[in-house]
Amino acid sequence: MGYRRKGILLGMACALAFSAWGQGGRAGRAAAAAAQQNQPAAAPPAGGRGGASGSAEFFNYDPTATTAPAIPDGPPVESHQKVTVDGEALNYTARAGYLPLRNATTGHSEAHVFYTSYAKDGVTDTAARPLMFFFGGAPGVSAAWQEFGGLGPKRMKWASDGTAGSPPYGWADNPATLLGLADLVFVNPVGTAFSRADLASSAPSFWNTATDIASLGEFVRSFLTTANRRNSPLLLAGEDYGTGRVAGLAAYLGDHQVPVHGVVLLSMTPSADSQAGDAQYLTLLPSLIMAAWHHKKLSPELNGISAEQISGQARQFASRQYLHALYKGDRMTAEERTKAIADLSRLTGLSKAFLVNNNLRIALERFGAELLRAQRRGLANSDSRVTGYVPPPVFAGRGGGGGFGGIAVPAIDFNLYNRAGGMQTAYEDYLRRELTFTGNSNGIYYLASGGVGSFTSTGSDDASLSAAFARNPRLRLFVAVNYFDLNAPFYATEFTLAHLNLSPEVRAHNITVSHYEAGQMTYTDNKALAKLHGDLAGFLQGAN
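Engineer: Just to check I follow, could you spell out empty space enclosed by the protein for this structure?
Structural biologist: Over the atoms a probe the size of a water molecule is rolled, and this reveals where empty space is left. Scanning the model with the defined rule gives two cavities of 30 Å³ or more in all. Approximately 80 Å³ is the volume found for the largest cavity. Every residue along the wall of the largest cavity is listed here: Pro139, Gly140, Pro189, Val190, Thr192, Phe206, Trp207, Asp212, Ser215, Arg245, Val452 and Phe455. Grouping the constituent residues of the lining of the largest cavity by class yields seven nonpolar, three polar and two charged. For the lining of the second largest cavity, a count of residues per class yields five nonpolar, three polar and one charged.

Engineer: Honestly, the packing of helix α5 (residues 279-294) against helix α13 (residues 490-498) in this entry has me stumped. Any pointers?
Structural biologist: A pair of packed helices is captured by two measures, namely the crossing angle of their axes and the spacing between those axes. Contact geometry of α5 with α13 gives a least axis separation of 6 Å together with a crossing angle of 145°. Where α5 approaches α13, its residues Leu282, Thr283, Pro286, Ser287 and Met290 are matched on the opposing element by Phe490, Tyr491, Ala492 and Phe495. Of the residues belonging to the contact of α5 with α13, the class tally is seven nonpolar, two polar and no charged.

Engineer: What is the right way to read the pairing of strand β3 (residues 88-102) from this model?
Structural biologist: As defined by bridge partners, strand β2 (residues 77-85) adjoins β3 across nine bridges and the pair is classed as antiparallel. Bridge assignment links serine 79 to a residue of β3, and that residue is alanine 94. Here β2 folds back onto β3 in antiparallel fashion, the turn holding two residues, of which aspartate 86 has a positive phi close to 55°. Pairing of β3 with strand β4 (residues 109-120), which is carried by eleven bridges, proceeds in the antiparallel orientation. Bridging across to β4, threonine 93 finds its partner in alanine 119. The hairpin formed by β3 and β4 contains six residues between the paired strands, and glycine 107 there has a positive phi angle of roughly 80°.

Engineer: I'm lost on the packing of aromatic side chains in this one. Help?
Structural biologist: In this description, a pair of aromatic rings is defined by centroid distance and the angle of the planes. A full pass over the atoms with the stated rule returns 25 aromatic pairs. Ring plane angle 90° and centroid distance 5.1 Å describe the contact between phenylalanine 194 and tyrosine 445, whose orientation is recorded as edge-to-face. With a gap of 251 residues between them, phenylalanine 194 in the loop between β8 (183-187) and β9 (196-197) and tyrosine 445 in the loop between α11 (414-433) and β16 (456-457) connect regions that are remote in the sequence. Classification of phenylalanine 194 by relative accessible area gives buried; the value is 0%.

Rules behind the numbers
- Residues numbered from 1 in each chain as written.
- Predicted model: local features only at pLDDT ≥ 70, side-chain atom pairs only at ≥ 80, totals over all residues.
- Heavy atoms only, no water.
- 1 Å grid on protein atoms, 1.4 Å probe; cavity = no way out; pocket = protein on both sides within 12 Å on 5 of 7 lines; lining within 4 Å.
- Points joined across faces, edges and corners; volume = space filled by probe spheres on them.
- Nonpolar A, V, L, I, M, F, W, Y, C, P; charged D, E, K, R; others polar.
- Axes fitted to C-alpha atoms, helices over the stretch in contact; angles between N-to-C directions.
- Helix = DSSP H or I, 4+ residues; strand = E, 2+ residues; numbered from the N terminus.
- Contact = heavy atoms within 4.5 Å.
- Pairing = 2+ DSSP bridges.
- Phe/Tyr/Trp six-rings, centres within 6.5 Å; stacked < 30°, edge-to-face > 60°.
- Buried < 20%, exposed > 50% of the residue type's maximum accessible area, 1.4 Å probe, protein only.

Next comes the structure, spelled out in structure tokens:
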């Protein structure tokens, strides 16, 4: 999981399909729109600059620095541990350390990438055991979320309300780990976790689509060679707005004679077409209906049906009556318009007046503020089931009153804010106490922001996927779709998948799509994690 980085540039320049990935980060559509207009997005929840302009920098990475601590070459630290999976003890070897990225011509290191890996002990034929690489989320977001949030052998002890809870934070054995199915490698791109460019001034050269993919491609190639795993079934996993990275990486590796067996997308970046014009309202609407259903804002008969049933009704309404209303616009008869408004109100829990004032087009930010406005609660875009108190506007002037208008309170994703701090605290403790990693003990671990500056993103994720399948028609794809993730609306994902440029054979046999009653980071939800584990077990069995 992660957050949309401030200042990400959503470049529209053409690029080779294998080097195209991502349209931003995790903080939702508002930040994407802001970036396209060169406007600042809301500050991320972890890190950021403090103090007045020009003050000393103590957190964010500064690529203009003339010196930076060198990361020495050396083997990763190794520890031997066990976890109980399906009632049986699973012994494994854990490693944590750096892998240098060396220039192919000079042999000199250009960056050191921090990673953790977990390999089952006692495997005699590693060629028959899948190897799965995780690459985190958006630019600046580390892979610790997938590793420690729910898929590695140890898992953060999430509180009963889904937050990180209160200190002391801890972890426990994870019986739902994927280690029972495949060996796991969690990779942190340059600028995330402890990964750094060797020269501070060269860091920005990694903050673009092409170099990001090329550097991670070199990591995978080097790791496979060093670990003698070139012949193992290779799978790549990405999440949220980092899914385009693995789609492009699959094509890149194929072009460099490293075959990829499967791609796992834990949520998916919507295509540009699904977000264009009125399509953005159509593809978002079913997720808004799901949020209203969860918060019991619909009629008793609708509130009482299952998630599958309400999502089916939402899809049907969006693809028929709502599409018809948006297409006809002012050509609707008075009767048609009245019915469209009434049905839209019935399915969203919003007043007819609100819908009329917004011309039937419900923007994400307006919906999040309106649905629970009477309770002064707002929705978290990363998980619409999570809400938080929204204070009234702060007014300038003495005593908090007067002045010439209110100062808007910065947007907060309540779900992410309630998890990030405790998650990072526990994970760094886990690294040092359990994995015995002591390198870079004084360095900052960049979990979600601070290590990557402006990232230039080019191309499109759907084109990257199509290119990967064109290169390798045997490639298999797994997509996890979350009903309550407003940053990656499930109907937009379904739209994107339906419009991939694929052969009929690939579409019929190579793609698996599973839906979850979860927000971002499916694996942090206990119920959703159990289903995800079962679904991925079936997918990974086909990788052999």
